[in-house]
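Structural overview for review
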Amino acid sequence: MLQDQKILITGMTGQIALPMAAYLAEQNEVWGIARFSAEGSREMVEAAGVHTEVADVADGDFSMLPDDFDYLVHMAAFQGQGLDYDWAIQVNAEGTGLLMAHCRKAKAALIASTCSVYHPHPDPWHLYTETDRIGDCNAVHAPTYSMSKIGGEAVARTMARALNLPTTIARINASYGPNGGLPVYHMDWLMNDLPIRLRAPAPSPYSPIHQDDMNAHVEPLLAAASVPATVVNWGGDEHVKAEDWVMHLGELSGRIPEIVYDTFPGSQPGAGADPARRISLTGPCQVSWRDGLAGVYEARYPGGQPAPGIGGAERLTAAYGND
């Protein structure tokens, strides 16, 4: 893993960034930014060994930060309801460019994107490749997300060339771990006696990737950064139906899942990502989806009871995202 480097990570109160920062902080000087609006959130991040500063990517003001970072890992994003495209572009596109400008002295930048940038393919088993057509995926949970992230990729590509900043743009697909993610929201719904909502028509395949693998991939993805930017899918090696992982969750918990299908015309019927380019850069994933979900279940529901701080039922709309 990276050692003795000064790394800036954004989105520190999000699902992926906090455990990633804690992992990297074991051997590096890690700085983390977020709005830290929730009580105790900043203290939680600092307890993981991360230097924190309050910053809002939408503002584009990073004057509180040093400008001598070795690496930038940009995980922050706006993903929410509503049709305010100007706001989504300000956060996901403009904010990305201003952040890269502040970190122009870095050796490399890793910019998190999403497989929601792909234009829907009619075959649910289609594995999206990095050269596939992009376009609005009509994500019901965040209508502005895919278009603003496409804008974010365009800005990141431009800034990589304008600043001569080696950059990797990584399109995340169904990330998960003890801190959350699509399969984990399904786990929480099941444990709260709620139906599991999937997109019609069946099946619903994804490329789930465990947090431990994502942590391990940071170094090789930064090493792959280039000008022009490297673009790569950041999903797991296995192409898995959500129906299968839901049944596995039922086996782990001893509960019988109820699956409900919702129709969203124009959305991606499947969201699997071709892992070939990523495997060529990082090597294969080390955590299988079955073992990964079993570990998450034990962490979140030891003995079948929720661990402290685990609720989960509030993230209903997250069922249709790819990140």
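The rules behind these values
- Residues numbered from 1 in each chain as written.
- Predicted model: local features only at pLDDT ≥ 70, side-chain atom pairs only at ≥ 80, totals over all residues.
- Heavy atoms only, no water.
- Pairing = 2+ DSSP bridges.
- Helix = DSSP H or I, 4+ residues; strand = E, 2+ residues; numbered from the N terminus.
- Core = buried A, V, L, I, M, F, W, Y, C linked by side-chain atoms within 4.5 Å.
- Buried < 20%, exposed > 50% of the residue type's maximum accessible area, 1.4 Å probe, protein only.
- Lys, Arg positive; Asp, Glu negative; His and termini not counted.
- Salt bridge = Lys/Arg side-chain N within 4 Å of Asp/Glu carboxyl O.
- Polar contact = N/O pair within 3.5 Å; in protein donor to acceptor, adjacent residues only side chain to side chain.
- Axes fitted to C-alpha atoms, helices over the stretch in contact; angles between N-to-C directions.
- Parallel < 35°, antiparallel > 145°, perpendicular 65-115°, else oblique.
- Left-handed = near helix turned anticlockwise from the far one by under 90°.
- Contact = heavy atoms within 4.5 Å.
- Phe/Tyr/Trp six-rings, centres within 6.5 Å; stacked < 30°, edge-to-face > 60°.
- Lys NZ or Arg CZ within 6 Å of the ring centre and 35° of its normal.

1. What about the sheet that holds strand 9 (residues 180–181)?
- Pairing is mixed in the open sheet, where three strands are placed in the order 9-8-12. If you trace the sheet from one side to the other, it starts and ends with strand 9 and strand 12 (209–210), each paired once.
- Pairing analysis gives two bridges linking strand 8 (residues 175–177) to strand 12, with the strands arranged parallel. Within strand 12, the position partnered with Ser175 by the bridge is Ile209.

2. Observations concerning the nonpolar core
- Formed by 33 residues in total, the largest nonpolar core has its most connected members in Ile9, Met12, Met20, Val73, Met75 and Trp234.
- Broken down by element, this core gets its largest block of residues, five residues, from helix 1 (residues 17–24).

3. Quick word on the side chain of Glu130
- In this fold, Glu130 is placed in the loop between strand 6 (127–128) and helix 4 (145–163).
- Within the buried set, Glu130 has no salt-bridge partner at all; the shortest N-O distance to an opposite charge, 4.0 Å, is to Arg277.
- Among the polar contacts listed, one links the side chain of Glu130 to the backbone nitrogen of Asn233, at a separation of 2.8 Å.

4. Things to note about the packing of helix 5 (residues 182–191) against helix 7 (residues 242–253)
- The N-to-C vectors of helix 5 and helix 7 enclose an angle of 45°; their axes lie 10 Å apart at closest approach. As summarised for this structure, helix 5 and helix 7 are arranged oblique, according to the angle between their axes. Helix 5 and helix 7 meet at a crossing whose hand is right-handed. Where helix 5 abuts helix 7, its residues Leu182, Pro183, His186, Met187, Leu190 and Met191 lie against Ala242, Trp245, Val246, Leu249, Gly250 and Ser253.

5. Points about the packing of aromatic side chains
- Taken as a whole and judged by the stated rule, the model has four aromatic pairs.
- Ring geometry for Trp31 and Phe69: centres 6.0 Å apart, planes at 80°, overall edge-to-face. With Trp31 in strand 2 (residues 29–34) and Phe69 in the loop between strand 3 (51–54) and strand 4 (71–74), the pair connects residues that are 38 residues apart, well separated along the chain.
- Directly above the ring of Phe69 sits Lys6, whose terminal nitrogen or CZ lies 5.6 Å from the centroid.

6. Focus: the pattern of salt bridges
- Applying the stated criterion to the full structure yields nine salt bridges.
- Close ionic contact of Arg171 with Glu153 constitutes a salt bridge, the shortest N to O distance being 2.8 Å. A residue pair is termed long-range when its members are at least 10 positions apart, and Arg171 in strand 7 (residues 167–172) and Glu153 in helix 4 qualify at 18 residues.
- On the basis of relative accessibility, which here comes to 3%, the residue Arg171 falls in the buried class.
- Here Glu153 falls in the buried class, since its relative accessible area comes to 6%.
- A salt bridge links Arg300 to Asp188, with the shortest nitrogen-to-oxygen separation between them at 2.6 Å. Placement of Arg300 in helix 9 (residues 289–300) and of Asp188 in helix 5 is noted, with a sequence separation of 112 residues between them.

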